[in-house]
Amino acid sequence: MRWLPLLLLLAGCQLLPVPGAPTPTPYEPPVLDLGPPTAVKADLRLKRWRQVSLDLEGALELPGDSICNELGLFPCTTLNAAAIGGISIDNGLFRPIDDTIPVTAGPAIERMVLYACTERRALDEAGDPAVFTVSSGESLTAGEGEAQIATLYQRMLARDPLPEEVAATLGLHAGIVADGGDNHDWAWMVCFALGTTTEALLF
Amino acid sequence: MLAGMGAGAVGVGAGGLTMRARAGVDGPKYLIVIGCFGGASMLDCFLPVDVNEALTHEQRGTVISYPTVQPSGSNIRCVDRNRPRQFLEAHAADSVVLSTLSSSVNHNVAQARSINGRDVFAGRTLMEAVASVHGAGLPLPNVNMGRGGYAQPGTDARLDPRFRAEVVTNPVTFALATSGHKGLLPVGSEPAFDPAVRAAMIERTRALRDGTLEEMSPFGQTFANSRLRRKLLGNRAGVERRTEELDLVQKLLFVDDFGGFLPLDDFGLSGSAEVDRVLDAFPGARPTSTSGIADERLDAQAALAYLLLRTGSSSAVTLTEPGTDGFLAFDQSHGNHRQAQRTHWDRVLRVASRLIGLLQTAEYEDANGPTGTSMWDRSMIVFATEFGRDKWDLGGGFGTGHHLNNGLLVCSPLLRGNRSLGVPDPNNGFACGFDPIDGTPTPFDDVPAGEDPLFSDPRQPPSEEAVFGTLLHALDIEYDGQEVIGTMLKRTI
């Protein structure tokens, strides 16, 4: 086998010298502690893309076509339907994949939520704020922050936050500012965090 | 199992369903399945009856036949047409053509059986078996761009769900779903639109969400033992993080910016370092409209397949010939047999040949770095198909129905290549079987001209189980009760 490069060279071919795409060294996936066995029917289920989309439309008062578009052109829900509980006629997949969570399900949902939060933020910054009520700038009063957190918990999870959740979420603010963001970025990130909690996605 | 094949097929182990692999001896192996949707008839490509030998029967017509050729250096004969001839000129040394007998003429059933060997390995598909052995450490071990039965998961409930197929609906945009945020928003100067700042904010927010809020929430506490919830959180901490760290969102992009049709630059994305090379091989992989669909969908599937293997993301990938109409592919033979077979054979052979070319010139690296060997040296392409087609030319633009007797093309340096196993009978169009040890054909000598051999005839070719077992054996995977066609293998069993 070590003669292969020479043989290919003689045949007018050559092995490609790794054009910035080396084969990654294999990694050992973490062993998941899935806990005691649970009957599938007794377990929670992941919302399918249509429900995730409907939830976001309701929570953020957005039309369906504003939930997520890749490259500004392609609806994420169509592109990733199979990964997040949909069907795909193109693949002849007429029943959702229910026995596992595809690798791309998590990222696909994050993209939907992040995009929807961005759309709502743009609307609120351009007119009367409906969701992102926090003031601009980098300084945030406790009262203003708590009100914003309460609004987002109600909209995204349909409940009031616990005091410790308020404290933890307020604690994110300093980090976001340190990263270069402001109050709006903080609220936007809280929207993303809550919209992608397992509480928002499982039923 | 038919007697002819059963007598010689080698059983590896007996009883139980234990899986053993020899992976690790010389590293991983890669499987590429090309689903030749609709019935790719070997009589119309690599097991042809020569036009000068075909029987004409008063009632049945003439056995489907062609001018044939055996290219220099090839032990395999083909229809004398550019694409099959060029394929053999380039790849005969790695190619095995064997006659086969399918067990269903229902598309979906036969497609699934072509990849699961009629559930002989506990219902595990070829791709699942390969992923579970050779893809254990990879982020996307088994990726399926197939359709119908070729995209159907196996039925082995004990299979780790990580090795079930990741279904791809559009290869062009699939890479985007390997990151939760990258390339989602247009690039701008505001922090939210600055990719680096946004990435930092998202990392910080995810840490709060997964490390703190999930633990605090009444929902999280109530459903702390939910397996699905743990799996979701496990994916976030494991494989999702891995796909982002590997930057698969760019490394699996086989297209570059294409203005209004694919404005990657505006979203801070650039294609794989091998974009030019891949698009040179598969020019149809790029979309030329705002639909996001590639001009040639099979080109796009092959381009993604190459990058999945090349980047060490996957060990098993599945493509399906979508056909010129996006659906029927080889099944257009119902309308015009010869035209459909020619069109779709040429398409899959063109794409496969170029994919092999890319893999041959991509160096395989192991943990110690470059090996001096190519990716192709450890790869296998299976041209899976559900069944053959009827054997008689009725004149004019005749159409054909489904037929159990057919053949299979497999291309891999891991097989004893340049072999044609089984021969087509000019008196009825059936491909006969062969001795599984030495490959000697078992012709239907005593069947009267114009009559069909019985499907129970022991001289019929091997069925799905033996083919399935042999392919996995060549890929270093063994299971108890495995049937193996020894003459296809390089090493002695």
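Quick caveat, the model's predicted, so the values are computed rather than measured.

Engineer: Could you give me a rundown of the overall build of chain B, with the residues and numbers involved?
Structural biologist: Scanning chain B from N- to C-terminus turns up 13 helices and 23 strands. Computed over C-alpha atoms, the radius of gyration of chain B comes to 24 Å, within 12% of the 23 Å expected from 2.2 N^0.38 for 493 residues, which places it in the range of a compact globule. Considering only C-alpha atoms, chain B reaches an extent of 80 × 50 × 45 Å along its principal axes. Counting over 493 residues, chain B shows a buried share of 63%.

Engineer: Please give an account of the interface of chain A and chain B that cites residues and values.
Structural biologist: With 88 residues of chain A at the contact, the number on the chain B side is 98 residues. When the two sides are added together, the surface that chain A and chain B hide from each other amounts to roughly 8100 Å², 65% of it contributed by carbon and sulfur. Linking chain A to chain B there are 3 salt bridges. With its nearest N and O atoms 2.9 Å apart, the salt bridge here joins E110 of chain A to R209 of chain B. For the pair chain A and chain B, the interface holds 17 residue pairs in polar contact (both at pLDDT 80 or more). Considered class by class, the residues forming the side of chain A that touches chain B number 49 nonpolar, 23 polar and 16 charged.

Engineer: Can you break down the sheet that holds strand β16 (residues 392-393) of chain B residue by residue, with the values?
Structural biologist: Residues and elements named next belong to chain B. With antiparallel pairing, 3 strands are arranged side by side in an open sheet as β4-β5-β16. Of all strands in the sheet, those with a lone pairing partner are β4 (56-57) and β16, marking the two edges. Where β4 and strand β5 (residues 61-63) come together, 2 bridges link them in antiparallel fashion. Of the residues in β5, the one forming a bridge with T56 is T62.

Engineer: Quick rundown of a nonpolar patch on the surface? Include the residues and the values.
Structural biologist: Residue and element names in this part refer to chain A. Side chains of I87, I89 and F94 sit close together on the surface and give an oily, nonpolar patch of about 330 Å² of accessible area. Position of F94 among the secondary structure elements: in the loop between α3 (76-79) and α4 (105-126). Note on F94: relative accessible area 57%, which makes it exposed.

Engineer: Pulling in residues and values, what's your account of the confidence of the model for chain B?
Structural biologist: Residues and elements named next belong to chain B. Confidence in the prediction of chain B, expressed as mean pLDDT, is 93, and 95% of residues score 70 or more. Every residue in residues 1-8 is under pLDDT 50, and counting partners more than four places away or in other chains gives 22 contacts. The ipTM value of the predicted complex is 0.91, and its pTM value is 0.92.

Engineer: Outline the nonpolar core, supporting the account with residue identities and numerical values.
Structural biologist: Residues F46, F254, F282 and F383 of chain B are the most contacted members of the largest nonpolar core, which totals 77 residues. Sort the elements by how many residues they give to this core and helix α11 (residues 297-310) of chain B lands first, with 10 residues. Not counting chain neighbours up to four residues away, the residues in contact with F46 of chain B comprise I76, R77, C78, P84, F87, L88, V97, W345, L349, L409 and S420 of chain B. V52, M112, L114 and L157 of chain A belong to the second-largest nonpolar core, a separate cluster that totals 57 residues.

Engineer: Account for the packing of helix α2 (residues 82-91) of chain B against helix α12 (residues 337-360) of chain B, with residues named and values stated.
Structural biologist: The geometry of a pair of packed helices is captured by two quantities: the angle between their axes and the separation between those axes. Residue and element names in this part refer to chain B. One way to put it is that α2 packs onto α12 with a least axis distance of 9 Å and a crossing angle of 25°. Comparing the axis directions of α2 and α12 gives the class roughly parallel. Two packed elements cross with a definite hand, and for α2 against α12 that hand is left-handed. Seen from α2, the contacting residues are R83, P84, F87 and H91; seen from α12, they are D346, L349, R350, A352, S353, I356 and Q360.

Engineer: Account for the pairing of strand β12 (residues 363-366) of chain B, with residues named and values stated.
Structural biologist: All names here are of chain B. The pairing of β12 with strand β13 (residues 369-374) spans 4 bridges and is antiparallel. Residue pairing in the sheet places D366 in a bridge with G369 of β13. Here β12 folds back onto β13, and the loop between the two strands holds 2 residues.

Engineer: Kindly report on the environment of G220 of chain B, identifying the contributing residues and their values.
Structural biologist: Residue and element names in this part refer to chain B. Along the chain, the position of G220 falls in helix α6 (residues 218-222). A relative accessible area of 4% places G220 in the buried class. It is 56 Å that separates the C-alpha atoms of G220 and N405, two residues lying 185 residues apart in sequence.

Thresholds applied
Residues numbered from 1 in each chain as written. Chains lettered and ligands numbered in written order. Predicted model: local features only at pLDDT ≥ 70, side-chain atom pairs only at ≥ 80, totals over all residues. Heavy atoms only, no water. Helix = DSSP H or I, 4+ residues; strand = E, 2+ residues; numbered from the N terminus. Rg over C-alpha atoms; globule rule 2.2 N^0.38 Å. Buried < 20%, exposed > 50% of the residue type's maximum accessible area, 1.4 Å probe, protein only. Contact = heavy atoms within 4.5 Å. Buried area = accessible area lost by both parts, 1.4 Å probe. Salt bridge = Lys/Arg side-chain N within 4 Å of Asp/Glu carboxyl O. Polar contact = N/O pair within 3.5 Å; in protein donor to acceptor, adjacent residues only side chain to side chain. Nonpolar A, V, L, I, M, F, W, Y, C, P; charged D, E, K, R; others polar. Pairing = 2+ DSSP bridges. Patch = residues over 30% accessible without salt bridge, like charges linked within 9 Å, V, L, I, M, F, W, Y side chains within 5 Å. Areas by Shrake-Rupley, 256 points an atom, 1.4 Å probe, with all protein chains shown as cover. pLDDT = per-residue confidence, 0-100. Core = buried A, V, L, I, M, F, W, Y, C linked by side-chain atoms within 4.5 Å. Axes fitted to C-alpha atoms, helices over the stretch in contact; angles between N-to-C directions. Parallel < 35°, antiparallel > 145°, perpendicular 65-115°, else oblique. Left-handed = near helix turned anticlockwise from the far one by under 90°.

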